[in-house]
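Topology and contacts: notes
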Amino acid sequence: MQSFRTEIENPLVERDIIELEKKIRLFREGRIDEERFRSLRLARGVYGQRQQGVQMIRIKLPYGKVTGDQLIRISDVSDEYSTGKLHITTRQDIQIHYVSLDRTPELWADLEKDDVTLREACGNTVRNVTASETAGIDPNEPFDVSPYAHAVFQFFLRNPVCQEMGRKFKISFSSSDEDSALSYIHDLGFIPKIKDGKRGFKVMLGGGLGSQPRHADVLYEFLEEEYLIPVTESVLRIFDRHGERAKRLKARMKFLVKDIGLDKFIQLIEEEKRALSCQSYAIDIKSLTTEVELAKNPAPKVSIQDLETYHSWKQQNVFKQKQSNLFAIGIKVRLGDFSTEKARKLANLVKTYAANEIRLTLRQNILVRHVKEDDLPFFYQELKSLGFADLGYNSSLDITACPGTDTCNLGIASSTGLAVALEEVLNKEYPQYVANKDITIKISGCMNACGQHNMAHIGFQGMSIRTKDKKVAPAVQVLLGGGVLGNGKGRFADKVIKLPAKRGPQALRELLDDFALNAFDNEDFLSYYDRLGEKYFYNLLVSLSDVDNLEDDDFIDWGNTRRYIQAVGIGECAGVVIDLVATLILEAKEKLDLATESFEDEKWSDAIYNTYTSFINGTKALLTAENISTNSQASIIAKFDEVFVESGKLILSTDFKSLVYQIQNNEPTKEFAQNYAEDAAAFFETIEKFRTKELSHAE
């Protein structure tokens, strides 16, 4: 395990990997508990899967950008540590499965050789920053958002502000008003705008899916580009301090915004300004917006035999870029799954004949960029040989589905198995939908909506269903009427009816047949749905919901051969962790050590925030010892004053609130960072004496 240390040039990365290795060893030795270890490994992209003893590894790929070399590196890692298969997520990550925990540090080190990270791919952190896959080539974009997405990724990676939040935090950048990056379902969503010749963004706040979807609010109609980073930092600080931590289902930004209101939230943003690491931040747009560097190798000339299919492919899967004479090619990747063998061949293709870049898409596909028009026949031939030229990119046949019960702990029913069955129905019985881009179909294996089912025109959510004699069968809830409306607006689907899962294909047939029969000329699906109403569709499908006539096959889920058993594990979607007192005090001291390191590196803001977090962890430790529960950092601070300071149990020079909230009232200077750390050290000396005294009395 030592060899990787000499091969990593970035000391921060090296320290991360060594820390993961160390914590794995401590966990194996029983010196840190499973819950605390889970929190650490999740923030390093290591996620427990449904199968015991193996891990899912999530590889963080900002805005889905991948070079050919990076794709080859990821393929090599998958072959060495996993099963030779890659999975594209709806957040533009790549996941690999069935990895041994003990090998994850070595795996991470291998990835970093081509600047690929696992850091903060999971856990209570800022997740992968997503963006429209067409960013930079979209003819309708005001400007390329890629540099801005990259800047946000870089600024907040390892940033102490967002390491231990109550839940995950998701950010997106759309390339245009079409809003293909779905700003309205994100904690923060950005849509590019130009006002009076100046770049900026429409900012959406507090959206989300899950069991209680919420449409994001408009935080700013226009935010100048230089305030992108400061506003994001303010929002993260507020979420970290005021966000729910005890009740996991209420621990997302959408609930905080709903509870305190948009006006109060804007007020809190203003109150954070003084403490921010920067008041404005210039984005380096030149680094990612240089001229496209095309490969100098001319593609071989080829003769296409199946011209009709080729022209259909060009019409459906090929898109003209805003750059003259360049095209992008959409690759439909069924359920986001493809082999490392195909990945390597694709990587070599784009390295040799394009611009050495692909983008992974939010619909689990691949977009090859910067292909010369004359080279399209050659690319078609090569992609076809890989099985990457199937028609239907971003069409109704392009069904989105999460892994469901294949690997996810929270999966209730098979989403991938149902997706395969629905695609088969569409291909065989409704071939006209291969070119239809107006109806989206999405499937999730549970209510968490990783497959985005509740924003689809036609959605399916995995569930279970019981018969009168209490037999359990796999089921789906059918949702209708969701969709993206553009410019930060969208709609969520209605929960129409619950059916046995094996009747999902028939439900799709009923819906498409009725749409063909009863929709007006040129009427889109959402208008048709709104005109007829939810009750109409309930009545259309109600005959399929009867559970008194189930057959043996109905008790076997899609893609399975054995009888269905409802088995839901413990989810690891950034769940709140149960902290032990000693562990919290230890972690508080670790934060103080990080504060010292940041101070020595002259990173005053980072030093201050690490000190603040040490205050919080130390305080929570004492409250935990008293069996006092808290649901946010703000409540921790208030409770500590009430229980320890006002009661006289602890004597401080001032109340704790005034002590810790110095962070809000001071600019991040060297002098304040030093004074704040000295205050923290004195505070810890006080609470450790108190803790020692309490333990001696207990004995």
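This text goes with the structure placed above it.
All of the points below concern the structure found in this document. Each chain carries its own residue numbering, running from 1 in the written order of its sequence. Where totals are concerned, whole chains, interfaces and linings use all residues; where local detail is concerned, this predicted model gives features only for residues with pLDDT of at least 70, and gives and counts side-chain atom pairs only at 80 or more. As a rule here, side-chain values come from all non-hydrogen atoms in the structure, and water together with hydrogens is ignored.

**Thoughts on the overall build of the chain**
Under the convention used in this document: Only DSSP runs of H or I with at least four residues qualify as helices, and only runs of E with at least two residues qualify as strands; both kinds are numbered from the N terminus onward. For the radius of gyration, the atom set is restricted to C-alpha positions; the globular benchmark scales as 2.2 Å times the number of residues to the power 0.38. Burial classes: relative accessible area under 20% of the type maximum marks a residue as buried, over 50% as exposed, and values in between as partly exposed (1.4 Å probe, protein chains only). Contact criterion: two residues are considered in contact whenever any of their non-hydrogen atoms come within 4.5 Å of each other.
Each helix and strand in the chain was counted, giving 21 helices and 22 strands. In terms of overall dimensions, the chain is globule-like: its C-alpha atoms have a radius of gyration of 26 Å, near the 27 Å expected for 699 residues. Taken along the three principal axes of its C-alpha coordinates, the chain extends 80 × 70 × 55 Å. Expressed as a percentage of the 699 residues in the chain, the buried residues total 59%. Counting contacts in the chain only where the partners sit at least 6 residues apart, residues at least 24 apart contribute 70% of the total.

**Description of the pattern of salt bridges**
To be explicit about the condition: Note on definitions: salt bridges are taken to be side-chain nitrogens of Lys or Arg within 4 Å of carboxyl oxygens of Asp or Glu.
Applying the stated criterion to the full structure yields 42 salt bridges. A salt bridge links Arg237 to Glu272; the nearest nitrogen and oxygen atoms lie 4.0 Å apart. One end of the pair, Arg237, is in helix H6 (residues 228-242); the other, Glu272, is in helix H8 (residues 262-272), and 35 residues separate them in sequence. Considered together, Arg237 and Glu272 belong to a single accessibility category, that of buried residues. Overlapping salt bridges, with partners in common, bring together Asp16, Arg119, Glu120 and Arg158 in one network.

**Structural notes on the packing of aromatic side chains**
Worth spelling out the cut-off: For this analysis, a ring pair means two rings from Phe, Tyr or Trp (six-membered ring only for Trp) whose centres lie within 6.5 Å, classed as stacked if their planes differ by under 30 degrees, edge-to-face if by over 60, and tilted for the remaining angles. A ring has a charge above it when a Lys NZ or an Arg CZ is no more than 6 Å from the ring centre and no more than 35 degrees off the ring normal.
The final tally for this structure, using the stated rule, is 37 aromatic pairs. Between Tyr430 and Tyr433 the ring centres are 6.3 Å apart and the planes differ by 70°, which places this aromatic pair in the edge-to-face class. Note on Phe683 and Phe684: the rings are 5.9 Å apart at their centroids and 80° apart in plane angle, and the pair reads as edge-to-face. Comparing Phe683 with Phe684, the two get one shared label, buried. Members of the aromatic cluster, connected to one another through ring pairs, are Phe615, Phe640, Phe644, Phe656, Phe672, Tyr676, Phe683, Phe684 and Phe690. The ring of Tyr47 has Arg58 sitting right over it, with the charged end atom 5.6 Å from the ring centre. We note Arg531 situated over the ring of Phe520; from NZ or CZ to the ring centre the distance is 3.7 Å.

**Let's talk about the sheet that holds strand E17 (residues 441-444)**
Put simply, the test is: Pairing between strands requires that DSSP locate at least two bridges from one strand to the other. Only the stretch in contact is used when fitting a helix axis, every axis being a line fitted to C-alpha atoms; angles between N-to-C directions are given from 0 to 180 degrees.
Strands sit in the order E16-E17-E18-E19-E22 across an open sheet of five strands; the sheet is mixed. Because the sheet does not close on itself, it has two edges, and the strands there are strand E16 (400-401) and strand E22 (494-500). When strand E19 (residues 472-480) meets E22, the two strands line up antiparallel, connected through six bridges. Bridging from a neighbouring strand, Leu480 pairs with Asp494 of E22. Packing of helix H13 (residues 504-518) onto the sheet brings it into contact with E17, strand E18 (458-466), E19 and E22, and relative to E18 it is tilted by some 140°.

**Some points on the sheet that holds strand E14 (residues 358-360)**
On the basis of which strands lie adjacent, the open sheet formed by five strands has the order E3-E14-E15-E12-E11 and antiparallel pairing. Every interior strand has two partners, whereas the edge strands, strand E3 (65-66) and strand E11 (318-320), have only one. The pairing of strand E12 (residues 326-331) with strand E15 (residues 366-372) spans five bridges and is classified as antiparallel. From the neighbouring strand, Ile331 faces E15, where its bridge partner is Ile366.

**Considerations on the layout of surface pockets**
We count it as follows: As defined here, a cavity is a set of points on a 1 Å grid over the protein atoms alone where a 1.4 Å probe fits but cannot get out. A pocket is an open set with protein on both sides within 12 Å along at least five of seven lines, and residues line them when an atom is within 4 Å of a point. Grid points are joined across faces, edges and corners, and a volume is the space filled by probe spheres set on the points.
The space that makes up the second largest pocket amounts to roughly 930 Å³. Lining of the second largest pocket is provided by 32 residues; of these, Glu133, Glu178, Ser180, Arg363 and Asn394 occupy positions nearest its centre. Among the secondary structure elements, those contributing two or more residues to the lining of the second largest pocket are E11 and strand E20 (483-486). Among the elements that line the lining of the second largest pocket, the one with the most residues is E20, at four residues.

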